[in-house]
Amino acid sequence: MQKLTTDILIVGTGLAGLSLAKYSSELNPDLQILLLSKTSIDECNTYYAQGGIAVVHDFIKDSYEKHIEDTLNAGKGICDEKVVKHVITEAPKRLNELINWGIELDKNQEGNLDLGLEGGHSQNRIVHHKDKTGYEIETKLIPIIENLPNVAIKTSFFATDLIMENDTCLGVIGFDDKGEPTIIEAKITVLASGGLGQVFGVTSNPFVSTGDGVAMAIRANVALKNMKYIQFHPTALYEPNKSQAFLITEAIRGFGAHILNQKGERFLLKAHKIGELATRDVVSKAISEQMKIENSKNVWLDLRHLPLEDFKNKFPKVYDYCTEEGFDITKDLLPITPASHYQCGGIVVDEKGATDKSHLFALGECSYTGLHGANRLASNSLLEAMVYAHDVANHITKIISKIEAKSYDTDTLKYKNIHHEEVFQFRNQLQRTMKYDAVYGTKQDIITSYQMVCEMQKRFKMKFKNYNSHPFLCETYNLIQTAEIILKESLPLNYKRVKATKKTKANL
Ligand code: SIN
């Protein structure tokens, strides 16, 4: 089988992977770094991030303490306070680096950074590039990374599994851009593989966000935590049959947009005293309940009262998209619905980004650092990616000289052609099952969804003996395995107890 060798292997090319490559390359000019991307280098959640980066910048009105408090409140008491403090107090340094790398952020008339407001923040503190912050980051960082002499990039490489020897990770195995089975041996492997939004029927995430890192971690028995805390973004444009829902950035609610029911009434103030500016979990839940009461597929976003020129200048991406889709935002209401947006849990890492397996790290959305708790505060994730990329790079630099390169061989991975339509049917069924209510509905909703996904997983295994014989097949299995773990964690406690008792009896 084809074999490649590197020192540091990074799976994923969003902000987490790219910034880790940048920091690591500077700290270790003699080491080889290999970045893997599943499709094109820029196709990732970062690219679509509209909002921005939450950073305390105005130390007169704002403070670290306020940002920490907002993060803890959003996370509903289960954030790791030490991590929250660390990330928030490191933010200004990481922001300066981003600016030094050439990322342009909007300024106000006085020439200071323009600070936006998003749900759950008690102060304006979101630095942004219009409503295209992620696009700005990806398009500026990619050429920088491409020009680093010790960084190589492989696009269209699908990693199927981690290579594990006992509890040590030796790299990954997968298919290259020609479908050639390939072993990549690495001293250090970092999963920066992004989110899992495509598990759900309505998502703001692109087609590539299929929980691959988490699924590889499940199969390698790496510890995961808080997978049930899936964040739904309250304001995705309702466009049935699109695999990626267009997001209407939260910053627009910070700019004064209202959410209306079918009667044209604002109903969020009943759910929370700050109405539309409550945290995402509160707003998404209230919208979902409203849609049930009215038996509707959407509620409405009202932008009609907002100053048009200012709006166009601040939110050109949203304005252009809505206009192209035929909406006149000065007259029309926009149909919106909650969409799965972010996984708050993930692969457990310590303060250095290390997992519970040797030489394996995780970073960005696929990781669980403890920052987000049960609900991520808006625009805290790009920040987390930067802070942890910096910390992981420093830690790797300290330990990598002591790690011996190890060789691995196998001929078990074989590429087989598949009938895409047969595999698609599994995805469709999964996405029909995985709705908001599958995780946040009644106990019975969750149990039923869990049973359906378990049954789907059984059928999948029977039909396709080797989940890893084709990238699309493996990706679909990743979706199913990830859904199963999300729902298993969401199950009511008494259901888990009954199941455990039945299992014990059966084993007697
Ligand atoms: C948004 O612009 O509403 C998304 C920002 C985020 O997910 O933090």
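On a predicted model such as this, the values are computed, not experimentally measured, just so you know. (Residues numbered from 1 in each chain as written. Predicted model: local features only at pLDDT ≥ 70, side-chain atom pairs only at ≥ 80, totals over all residues. Heavy atoms only, no water.)

(A) Looking closely at the sheet that holds strand E10 (residues 230–237). With antiparallel pairing, the four strands of this open sheet are ordered in space as E10-E13-E12-E11. Only two strands of the sheet have a single partner each, and these edge strands are E10 and strand E11 (258–260). Between one strand axis and the next, the sheet turns through 45 degrees on average, direction left out of account. Pairing of strand E12 (residues 299–302) with strand E13 (residues 334–343), which is carried by three bridges, proceeds in the antiparallel orientation. Residue pairing across strands places Trp300 opposite Pro335, the latter belonging to E13. Packing against the sheet, helix H9 (residues 280–294) makes contact with E10, E11, E12 and E13, and its axis sits at approximately 65 degrees to E10. (Pairing = 2+ DSSP bridges. Helix = DSSP H or I, 4+ residues; strand = E, 2+ residues; numbered from the N terminus. Axes fitted to C-alpha atoms, helices over the stretch in contact; angles between N-to-C directions. Contact = heavy atoms within 4.5 Å.)

(B) Inspection of the side chain of Ser19 at higher detail. Tracing the backbone through its elements, the reader meets Ser19 in helix H1 (residues 15–27). A distance of 2.5 Å separates a polar side-chain atom of Ser19 from the backbone oxygen of Leu15. Once residues within four sequence positions are removed from consideration, Ser19 is found in contact with Trp101, Ala385, Met386 and Ala389. (Polar contact = N/O pair within 3.5 Å; in protein donor to acceptor, adjacent residues only side chain to side chain.)

(C) Geometry of the site of the ligand. As a structural note, the neighbourhood of the ligand is formed by Gln50, Gly51, His233, Leu247, Thr249, Glu250, Arg280, His341, Arg376, Ala378 and Ser379. Between the ligand and Glu250, the relevant distance is 2.8 Å, taken from an oxygen atom to a main-chain nitrogen or oxygen of the residue. The contact in question runs from an oxygen atom of the ligand to an N or O atom on the backbone of Ser379, over 2.7 Å. A breakdown of the residues in the shell around the ligand according to their chemical character gives two nonpolar, six polar and three charged. (Near = heavy atom within 4 Å. Nonpolar A, V, L, I, M, F, W, Y, C, P; charged D, E, K, R; others polar.)

(D) Local environment of helix H12 (residues 381–399). Look at H12: 27 Å from first C-alpha to last across 19 residues, which is about the 27 Å you get at 1.5 Å a residue. Of all 19 residues making up H12, 15 are buried, and the element is well covered by its neighbours. (Expected span 1.5 Å × (residues − 1). Buried < 20%, exposed > 50% of the residue type's maximum accessible area, 1.4 Å probe, protein only.)

(E) Focus on the packing of H1 against helix H5 (residues 133–146). Between H1 and H5, the shortest axis-to-axis distance is 10 Å and the interhelical angle comes to 35 degrees. As for the relative orientation of H1 and H5, their crossing is left-handed in sense. Along its contact with H1, which presents Leu15, Leu18, Ala21 and Lys22, the element H5 presents Ile137, Glu138, Leu141, Ile142, Ile144 and Ile145. Tallied by class, the residues present in the contact of H1 with H5 amount to eight nonpolar, no polar and two charged. (Left-handed = near helix turned anticlockwise from the far one by under 90°.)

(F) Looking closely at empty space enclosed by the protein. This model, assessed by the stated rule, comprises one cavity of 30 Å³ or more. There is about 30 Å³ of room inside the largest cavity. Together, Ile53, Val55, Ala91, Arg94, Leu95, Leu98, Leu383 and Met386 line the largest cavity. Counting residues per element, the ones that place at least two in the lining of the largest cavity are helix H4 (81–100) and H12. Considering every element that reaches the lining of the largest cavity, the biggest residue donor is H4, with four residues. Considered class by class, the residues forming the lining of the largest cavity number seven nonpolar, no polar and one charged. (1 Å grid on protein atoms, 1.4 Å probe; cavity = no way out; pocket = protein on both sides within 12 Å on 5 of 7 lines; lining within 4 Å. Points joined across faces, edges and corners; volume = space filled by probe spheres on them.)

(G) Quick peek at the pairing of E13. Summarising burial for E13: 10 of the 10 residues are buried, a large majority. Inspection of the sheet shows E10 paired to E13 by six bridges, in the antiparallel sense. Residue pairing for E13: Ala236 is matched across the bridge by Thr337.

(H) Region of the structure containing the packing of aromatic side chains. Here the structure, examined in full by the defined rule, presents 20 aromatic pairs. On the numbers, 6.4 Å between centres and 85 degrees between planes, the contact of Tyr450 with Tyr495 is edge-to-face. Residue Tyr450 is found in helix H15 (residues 443–463), and its partner Tyr495 is found in helix H17 (residues 493–507); the two are separated by 45 residues along the sequence. A residue is classified by how much of its surface remains accessible, and Tyr450, at 4% relative accessible area, is buried. (Phe/Tyr/Trp six-rings, centres within 6.5 Å; stacked < 30°, edge-to-face > 60°.)

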